[in-house]
Amino acid sequence: MKTRPSPPLINRPYLLLGLAMGLAALISAALAWLYFEQQQTLEQATRRLESVRQVRIELAKGFLYASLGREAGDSPFHRDQGFALLRQASTSLDTTLSEIGDTGAAQAGEFHRSAERFETLLATWKQQESRQEVDLMVAYHNLEQQAVRADTLIRQQAHSLSESLRSRFQLASAAAIALLAAIITVVFFSLRARRRAELKEETLRARHARVIEGSDQGFWDWNLETRRFDVTPRFESMLGFAPGERDLSEENWSRYVHPDDLPPNMQSIEAHLNGLNPHHEAEIRCITKSGEWRWIHSRGKVVERDAKGRPLIMSGTHTDITDYKNLVEELDRHRNHLEERVAQRTSQIEELNRQLERRSAQAEAATRAKSIFLANMSHEIRTPMNAIIGLTRIMQREASSPRQGELLDKTGKAATHLLAIINDILDLSKVEAGKLDIEQIDFRLDELLESVGSQIGEKLRAKGLDYRVTTDAVPQRLVGDMTRLTQMLLNYLSNAIKFTEHGVITLSLHATQKKESGLLLRVEVSDTGIGLSAEQQARLFTAFEQADGSTTRKYGAPGSASPSTSTWPA
C-alpha cells in the first residue's frame, strides 16, 4: 500500500529548465543594467571633462578679453565680456566639481576663491595703471592648475567607477555563468536520471507484461474515487469476450456474476476496505459469452491510499479455477467411493479375522489335544517299556546259551533306545502343552558332569574317542534344573558321539554374565566328526530334522532332541 507523494524537484527537469531560463533572464537584465550604468558613468565623465575643457577655454578667453580691454583704452565691451567669461567658467567648474562628491566640492570652493581673487586683481589692474603683471599671471596660472586638477580628478573618478563597474560586471558574469552551468548540469543529470528511470520503467513494464501473459491470469485495477474499473485482455478472454466488449462498470457486475456469489464477493471487498481482512478473496461463478458458468478465484487488496489513509486504488487478479473445482468434485466422488470400498473391505477383513481366530482356536485346541494325547500315551507306554527292559535283563542273566544272551542284549538295547525316544516325545509334548516346569534346586556342577560322563563313558570307549571337559572357573555350587541340564548335555554329547568316528569330543562351560539375580551359562560341545554346513545349522532346531536322508539311514534317530531343548524356558 502507498500514498501519492509529491515528486522531488530533481525529478521535474522541465520545471528546472524553466527556472533556469527565468534566472538567465534575470541575470541578463542585471548584466544589461550594469552595462547601462557603466555607459552612463562614461557619458557623465565625458560630459564633465568637456565641461572642464570649456572652463579652461572660457578662462583663457576671459583673461584675453580683460587684457585686451585694458590695452584698447579701457573698452567696456571687452572688459565686461572678459569678466562674464571668468564668472561663467567659475560657475560651470563649481557645478561640475560639485557633482563628483566632497572632494570635488572642496576643490570647487578653492577654485571659486581663486577666481574671485583673479577678478579682484583684474579690477585693480583696471583702476591703477601701474600693476604688477606677475601677480595677475600667477593668479591665472593657479586657476589653470586648478582646472587641470579638476580634469585629473574627473578622469580618476571616471576610471575608478569604470573599473568598479567592470569588476562587478565580470563578477556578475562569472556568477551567472557558474549558476547557469550548475543549473544546466542539474538539468542534464535530471534528464539523464529521468531517461534511465523511463528505461527502467519500460523494462519493468515489459517484464510485468510477460509475467501477466505467462501467468494466465486476469488483472484488474479499481479506482475508488472515479469508480473506474480497468482490466487486462486476459480478464475478458478467459470468459470468451474480446477486450473492451463488456461494460465493466460497478452497476453491471450483477450481469456477469452468479446471483448466489455476488453478495459474498461484495462482502469480502467491503470487509477489506474497512480493514477487517488483510485482502479480498472469494470464489465466484462468472458467465461466459456462450452462457456457461465458470469458477473464478478473485483476489485483491488496496495498493494506494491518500495522505489521510483513505483507499484510492484497489488491484487484484482473476484466475480460472473451473478445472480445479471439477477435479475436486471428482476426487470427492472417488473418495466417497473409496470410503465405501474400504468399509466393505474392512467388514470382510473383520469377518476373515473372526474366521481365522476361530480356526486358530480350533488349531490350538487340536494341538493341545495332541500334546495331551502324546503326554498320556508316553506315560502309558513308559510303564510297559520299563517292565520289558527289566524282564529282558533278568532273562539275560538266566540265559542258557550265548546266542540267547546276545539276542536278549539286543532286545534290551532296542527297548532302552525306544524308551529314550518316548522320553523325548514326552518332553516335546510337555513343551507344546505348556506343562514343562523348570525346577530350582541346589546341585554341584562337578557331580553333574561326573554323572554325565559315566552315562556316555561306555559309548566313548566303544568308539575309542577321547573326552575332555573345561569349566573355565564356573562356580561349582549352582541352583537350577539339574535334570534338564543333564538331559541337554546328554543330547548334545550323544549326537557328537554318534557323528564322530574318531578323535576328540570337548565339553566347555563358560559364565558369560554374572548378576545378583543369576548366572548365564554358555555350553559348547565340539567334536571332530562330519560337521554341519551353514544351511544345516539353520535347520538344527527343526523338529525331526536331520542333515540329510543318508544320516538317518546311517546313524538313525528322528532328531527330536535339539528342538525340544531349544524350546525349554530360560
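Residues numbered from 1 in each chain as written. Predicted model: local features only at pLDDT ≥ 70, side-chain atom pairs only at ≥ 80, totals over all residues. Heavy atoms only, no water.

**Here we look at the sheet that holds strand β2 (residues 229–231)**
Here is the rule we go by: Two strands are said to pair when DSSP picks up at least two bridges between them. Counting from the N terminus, the helices are DSSP H or I runs at least four residues long and the strands are E runs at least two residues long. To obtain an axis, a line is fitted to C-alpha atoms, over the contacting stretch when the element is a helix, and the angle between two such axes runs from 0 to 180 degrees between their N-to-C directions. Working rule for contacts: check all heavy atoms of both residues, and any pair within 4.5 Å makes them a contact.
Taking strand neighbours across the sheet as the criterion, the 5 strands line up as β2-β1-β5-β4-β3 in an open arrangement whose pairing is antiparallel. Where the open sheet ends on each side, the last strands, each with one partner, are β2 and β3 (280–287). Direction aside, neighbouring strands of the sheet carry axes that sit 25° apart on average. Both β3 and strand β4 (residues 293–305) contribute to a ladder of 8 bridges, which runs antiparallel. Paired with alanine 282 across the bridge in β4 is serine 298. Along the sheet, helix α7 (residues 262–273) contacts β1 (218–223), β3, β4 and β5 (311–320); its crossing angle with β3, the most-contacted strand, is approximately 155°.

**What about unusual backbone geometry?**
The general pattern is negative phi for most residues beyond glycine and trans for most peptide bonds. A positive phi angle, near 65°, is found at arginine 227, a position not held by glycine. Mapped onto the fold, arginine 227 is located in the loop between β1 and β2.

**Some words on the environment of serine 268**
As for its position among the elements, serine 268 is in helix α7. In this structure the C-alpha to C-alpha distance between serine 268 and histidine 280, which are 12 residues apart in sequence, comes to 5.5 Å. In this structure serine 268 touches His280 and Glu281, once residues within four positions along its chain are discounted.

**Describing helix α11 (residues 482–498)**
Our working definition: Helix span, as expected, comes to 1.5 Å for every residue beyond the first. Partly exposed describes any residue whose relative accessible area lies between the buried limit of under 20% and the exposed limit of over 50%, with all areas from a 1.4 Å probe on protein chains only and scaled to the type maximum. Pairs of N or O atoms within 3.5 Å make up the polar contacts considered here, provided that, within protein, one atom can donate a hydrogen while the other can accept it, and that residues adjacent in sequence are counted only when both atoms are side-chain atoms.
With 17 residues, α11 ought to run about 24 Å at 1.5 Å a step, and its terminal C-alpha atoms sit 24 Å apart, in line with that. Listed as buried for α11 are Arg484, Leu485, Thr486, Gln487, Met488, Leu489, Leu490, Asn491, Leu493, Ala496 and Ile497. Its side-chain oxygen placed 3.2 Å from the backbone nitrogen of arginine 484, aspartate 481 serves as the N-cap of α11.

**So, the side chain of histidine 258**
Inspection of the secondary structure assignment puts histidine 258 in the loop between α6 (253–256) and α7. Apart from residues lying up to four places away in sequence, histidine 258 is in contact with Arg285 and Trp293.

**Points about the pairing of β3**
Only one face of β3 is covered, namely the one carrying His280, Ala282, Ile284 and Cys286; the face carrying Glu281, Glu283, Arg285 and Ile287 has none of its residues buried. Linkage of β3 to β4, two consecutive antiparallel strands, is achieved through a turn of 5 residues, within which glycine 291 is found at a positive phi near 95°.

**Structural notes on the packing of aromatic side chains**
Basically, it comes down to this: Centres within 6.5 Å are what make two rings of Phe, Tyr or Trp a pair, Trp counting through its six-membered ring; a difference in plane orientation under 30 degrees is then read as stacked, over 60 as edge-to-face, and the rest as tilted. Comment: the charge-over-ring label is applied if NZ (Lys) or CZ (Arg) is within 6 Å of the ring centre and within 35 degrees of the ring normal.
Per the counting criterion, the structure on display carries 4 aromatic pairs. Summarising the aromatic geometry, the rings of phenylalanine 229 and phenylalanine 235 are spaced 6.1 Å apart at their centres and angled 65° between planes, so their arrangement reads as edge-to-face. Phenylalanine 235 matches phenylalanine 229 in its accessibility class, with the two residues each being buried. Note on phenylalanine 229 and tryptophan 253: the rings are 5.3 Å apart at their centroids and 70° apart in plane angle, and the pair reads as edge-to-face. Note that phenylalanine 229 is positioned in strand β2 and tryptophan 253 in helix α6, a separation of 24 residues in sequence. Put simply, the rings of Trp220, Trp222, Phe229, Phe235 and Trp253 pair up and form one aromatic cluster. Its guanidinium or amino end placed over the ring of tyrosine 256, arginine 246 lies 4.9 Å from that ring's centre, counting from NZ or CZ. A cation over a ring is seen here: lysine 325 above tryptophan 295, with NZ or CZ 4.6 Å from the ring centre.

**A few points about the packing of helix α10 (residues 445–463) against α11**
Counted only if it meets this: For classification purposes, angles smaller than 35 degrees are called roughly parallel, those larger than 145 roughly antiparallel, those between 65 and 115 roughly perpendicular, and all remaining angles oblique. Left-handed describes a crossing whose near helix is turned anticlockwise from the far helix by less than a right angle; the clockwise case is right-handed. Under the convention adopted here, Pro, Cys and the residues Ala, Val, Leu, Ile, Met, Phe, Trp and Tyr are nonpolar, Asp, Glu, Lys and Arg are charged, and Gly plus all remaining residues are polar.
For the pair α10 and α11, the least separation of the axes is 10 Å and the interaxial angle reads 20°. As the angle between them shows, α10 and α11 are arranged roughly parallel. Remark: the crossing between α10 and α11 carries right-handed chirality. On α11, the residues that touch Leu448, Leu449, Val452, Gln455, Ile456, Lys459, Leu460 and Lys463 of α10 are Met482, Leu485, Thr486, Leu489, Leu490, Leu493, Ser494, Ile497 and Lys498. Broken down by class, the residue content of the contact of α10 with α11 amounts to 11 nonpolar, 3 polar and 3 charged.

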